[in-house]
Amino acid sequence: MPSMLFVLGVLFALAQAPAQSSTPPPQASGYVGEDTCVTCHEAEGKSFHQTLHGKAADPRTPAAAHSCETCHGPGQAHVDDPSKPGSIRRFPLMAPRDASAVCLTCHNRAGHVNWKGSMHDARNLSCTSCHSVHNAKSERAQLKAESVTATCVTCHTVEVAKQQRSGHMPVREGKMECTTCHNPHGSTNARMLRTGNWINETCTACHAEKRGPFLWDHAPVREGCNTCHDPHGSSNERMLVAKLPMLCQRCHIGTRHPSTIYDNNQLNARSNRLIGRGCVNCHQQIHGSNSPAGNTFLR
Amino acid sequence: MRTMRFELAAACWLLAAGAAFGQQATPPPEPGQNSSLTRPADEGTVDFGFRATAYGDESDRARYQRYRDLRDGVFVDGFRWSKADDRHFWELRANRVGYRDQDYVANYNRFGRLKASFAFSQIPVFFSDVSRTAYATASPGTLTLGSAPILVQGGAATSAIYNTLATPFDLRLTRSITDVRFAYNATANLGLSAWLKNIQKKGEQPWAGTFGFSNAVELPGPVDTRTTDLGVAAEWTGARGSARVGYDGSFFSNNITTLVWDNPLRSTDSPTAGPAHGRESLWPNSDLNTGSISGLLRLGEASQATAFVSLGTLSQNDALIPYTINTALAPPALDRATADASARLTATALTFNSRPAPSIWLNARFRSYDFDNRTPEFHVANTVAYDTSVAAFAEGGTSPYSFTRRSLDLEGSWTPVVHGALRAAYTRETVDQTFRTFDNTTENTLRLSADGTGVHGMTVRAVYEHSERTGSGLDEQSLDDIGEQASLRQFDLSNRKVNRFSTVVLFAPTSSLSFNGTAFVVRDTRPDTGFGLLDNQGDGVAAGADYVPSDKLSLGAVYQFERYSTLQKSRQANPGAQFDDPTRDWTTSGRDHAHTLTASADLLKLWPKTDVRFTYDYVHATSAYVYALTADTTLPPVSQLPELFNTRNRLTADARYTITPHVGAGVVYWFERYEIDDYAFNPSTLNAVALPSFISLQATYRPYTANTVWGRMTVSW
């Protein structure tokens, strides 16, 4: 804890230092300045300065450069003839990748570095598909909708609907959101997953106990958590893609109890392979066992 | 290995190039311009009041509160305070103060220089409020029955008797997450970041401790774990590229790595009749250390390449418990004293993206992930089942699974009009694996998509995907070795053909009215599977509308129907002649249907100073598993299982009245009704088990009806 406080103190002290001095931006021709823009676009000017974009103390913000014209381009032609097409950058009218290119001028690091070539870029979405600089509705991230989920549901209705199922992660309770697992701006992992380099590394970022490596690994678990679980939700316990024992019987059919039909007669007999948690009533260590006697995941 | 070396070399080349070209950074513009509109702000808001819930008879309070805490009492919620000036931003947030689902956030931003954040959040998991157990915790990881006379009951025990011995308790656990992050811009081009995250889980969860087919025991499994994640990274960004180097560490520690519990049927160890206690390993402690380096290189105005390399080790070396706790058995000698388990993780990602012309977009991506399991085989000649008997283990030892995934994506997009794009993409994914029925699988996927946005208020997105996966190096003997049918194909590897189509349509004929619709179809067949999952289908449609005639009124609704079906095949057999008898074949047809309806109405200032919001959610999901026998079956007739269903209705109403510009009063009402019929968890099932075949915690699934009311004041400043 003392070392943490020391680091905190050093960082805070560094933060108080003046920002890196820099060269003034080139005064290219055609810029009219923010005061001219807000003559007509007062509301946009106001909303702009209520966001981080409007904080000129950050040298990477539009406010620190040409303000409105940093993103919209030099405004002289627009002032001369506002109705002239192409006189200024109007993002809703721009090709999505052109619109994104403007944003990526500054948003080119950390979580945005993989935007180009991402699944969303591939489908011709732009930053302005989800975000609004002047009319954001969300508490964070300047989203067009009130929340991350409300943004994603526009296209991903099936995944969001699954959050309403009985087996679900705490997304609808507000303890997680889509971006807890996914980076909509692209990632080096599969399926735009935010953490790690494979699906399991994302899941075990929170469920670290299941990452092993175990003395006895269960192959499909090692292969991918989504072999058996639907992370968006399902009607089954623990978000399983099917009920037990039917799910296990997709791979385990050999002889004796894995090959048995667990029908209503078995239910009436209260077979402990059908009721409750099914196979896991005994094979508890299904994610892997560290016991030398754990070959069938009973110990 | 040669391929991996090439990937690493290519990645390093790109990284080096990115760093070299990145030196030509453009100086940042002068700060402080155009700040005339910036206003210092010191504002906040907080809700407080009381809450109470009335439940219907026999309601499942645990499910209603599965991931939240809705206990009656006073509350402080939605606390927000922030202050900003030209250079700084401070923020504090708190939700559900003092409750099990509380969270707190503190943010500081020195614009352009430092971001610091602290977050603490708790997520409760409330499994059951009607659980019962006769087990008591003698010490962490040791569950005893004490003198519970169930031992005396032997095979004649009943649920009724057990219930008199078992103590009711709330089965729950809590996840507490502390997250601290810093991001510091050392220079205009160099950013440093560090983070520390701690996840603590404490409580109990359903856990199995079996002694055999007729003695399955469900225990309140203790959970007391901590995961500490930390990381540091440096990122350099310039005009021509960027580079990042980082380290991530994750350390999982379990305070209870062994569980010991009493056998309810025996008080003495026996070499034939079983042990007095059971013992199993719980989650082992493990460390994950990962270093990564990545770079981005801009190639002219229209192209860029990125490279990413990550090297990591995952290891655990917990002491191994003996094969059995049964002192009447001679336990086999351990091959080694500790697990000595480790894996090397290597990941690479290379991309090239280009727009050679405004209407052409090209993308290539190569990604690999190598899970190289370095755990030495643990030799096992004899093993112990259920702490009851020593038996030969024919397989001879463990199977440390390894795999390497490689995927190549090639995509091209053409935008003939500004807001329309046509895309074709090809993906080839290969997976090499050890100890599986296939040594290798290859999946080729073709995707075609069309996206049109904002044309006369219409957005249409559609994608069609066809993929085929085939395996090679089939080892049917490996199936025979473990007593499976040779024509079984495990569904995560089996050959398959998949066709998918999905579309999204949004139409806004006027600025106040919009319609939306989605549809999807999935057809997944496994043509070479004799036994196992044969096919997996799904389709669904959704339709909705939003009507916002004014700032005062907003209406929206969307309905979705999904249906999924599966077909799997098995053969009921004992070893011997039955194993090869096709008249003993049977299939299971699985079916899942789900109806989802969401509706909302916002009435803002429709009446003076009053905002009212309504939401309604409805979900009705049904499942069925239907068995079928062959025409010439020699199996007895089947009696089909009942259909499963669950239905959830939720209505919320939130009314707020603004008394003064800084003070408001409001009432919130939630109505939630959950109905469920699950034969496996119904009280009529779990409460009527003839012991000792299954001694459960009786964490049954039950319906609930809940009416929750908040009375609250909102103060803002």
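The model shown is predicted, which means the values in this text are computed figures rather than measured ones.

Quick notes on the rules
Residues numbered from 1 in each chain as written. Chains lettered and ligands numbered in written order. Predicted model: local features only at pLDDT ≥ 70, side-chain atom pairs only at ≥ 80, totals over all residues. Helix = DSSP H or I, 4+ residues; strand = E, 2+ residues; numbered from the N terminus. Contact = placed C-beta atoms within 7 Å. Pairing = 2+ DSSP bridges. Axes fitted to C-alpha atoms, helices over the stretch in contact; angles between N-to-C directions. Buried ≥ 20, exposed ≤ 12 C-beta atoms within 10 Å, placed from the backbone. Arc of directions from axis to C-beta. Core = buried A, V, L, I, M, F, W, Y, C linked by C-beta atoms within 7 Å.

Peer 1: Hey, could you run me through the environment of G540(B) in this one?
Peer 2: Relative to the elements of secondary structure, G540(B) occurs in strand β27 (residues 531-550). Between the alpha carbons of G540(B) and F561(B) there is a distance of 5.4 Å; along the sequence they are 21 residues apart. Excluding anything up to four places from it in sequence, G540(B) contacts V158(A), A519(B), F520(B), Q560(B), F561(B), E562(B) and R563(B).

Peer 1: Even after reading the chapter, I still don't get the pairing of strand β21 (residues 420-433) of chain B, so can you show me in this structure?
Peer 2: Both faces of the sheet carry side chains from a regular strand, because those side chains alternate between them. Residues and elements named next belong to chain B. Direction of pairing for strand β20 (residues 403-417) relative to β21: antiparallel, over a ladder of 13 bridges. Following the sheet pairing, D409 is matched in β21 by T427. Between the antiparallel neighbours β20 and β21 lie 2 residues. Relative to strand β22 (residues 440-455), β21 runs antiparallel, the two sharing 13 bridges. Paired with G420 across the two strands is G452, which belongs to β22.

Peer 1: Honestly, the sheet that holds strand β7 (residues 142-144) of chain B in this entry has me stumped. Any pointers?
Peer 2: Through backbone hydrogen bonds, the strands of a sheet pair up, either in parallel or in antiparallel fashion. Residues and elements named next belong to chain B. Read from one edge of the open sheet, 4 strands run β6-β7-β12-β13, paired in mixed fashion. Edge positions in the sheet fall to β6 (136-139) and β13 (277-281), since each has one partner strand and no second. Averaged over all adjacent pairs, the angle separating strand axes in this sheet is 25°, with direction ignored. Pairing analysis gives 3 bridges linking β6 to β7, with the strands arranged antiparallel. If you follow S139 over to β7, its bridge partner there is T142.

Peer 1: Honestly, helix α3 (residues 42-49) of chain A in this entry has me stumped. Any pointers?
Peer 2: Residue pairs spaced three or four apart in an α-helix point in one direction, given the helix's 3.6 residues per turn. Residue and element names in this part refer to chain A. Restricting attention to buried positions, one finds in α3 the residues G45, F48 and H49. Taken down its axis, α3 places every buried residue within 90° of arc, on the same side. Among the structural elements, α2 (34-40) and α4 (68-72) are those in contact with the buried residues of α3.

Peer 1: For this particular structure, what's the right way to read the nonpolar core?
Peer 2: Nonpolar side chains tend to gather and get buried jointly when the protein is soluble and globular. Counting 56 residues, the largest nonpolar core has L215(A) and L219(B) as the members making the most contacts within it. Among the elements of the structure, β9 (190-208), β10 (216-237), β12 (258-262), β30 (610-629), β32 (663-677), β33 (694-695) and β34 (704-716) of chain B are those that each provide at least two residues to this core. Here L219(B) is in contact with Y135(B), L143(B), W207(B), G209(B) and W261(B), once residues within four sequence places are set aside. I199(A), L297(B), A343(B) and L350(B) belong to the second-largest nonpolar core, a separate cluster that totals 26 residues.

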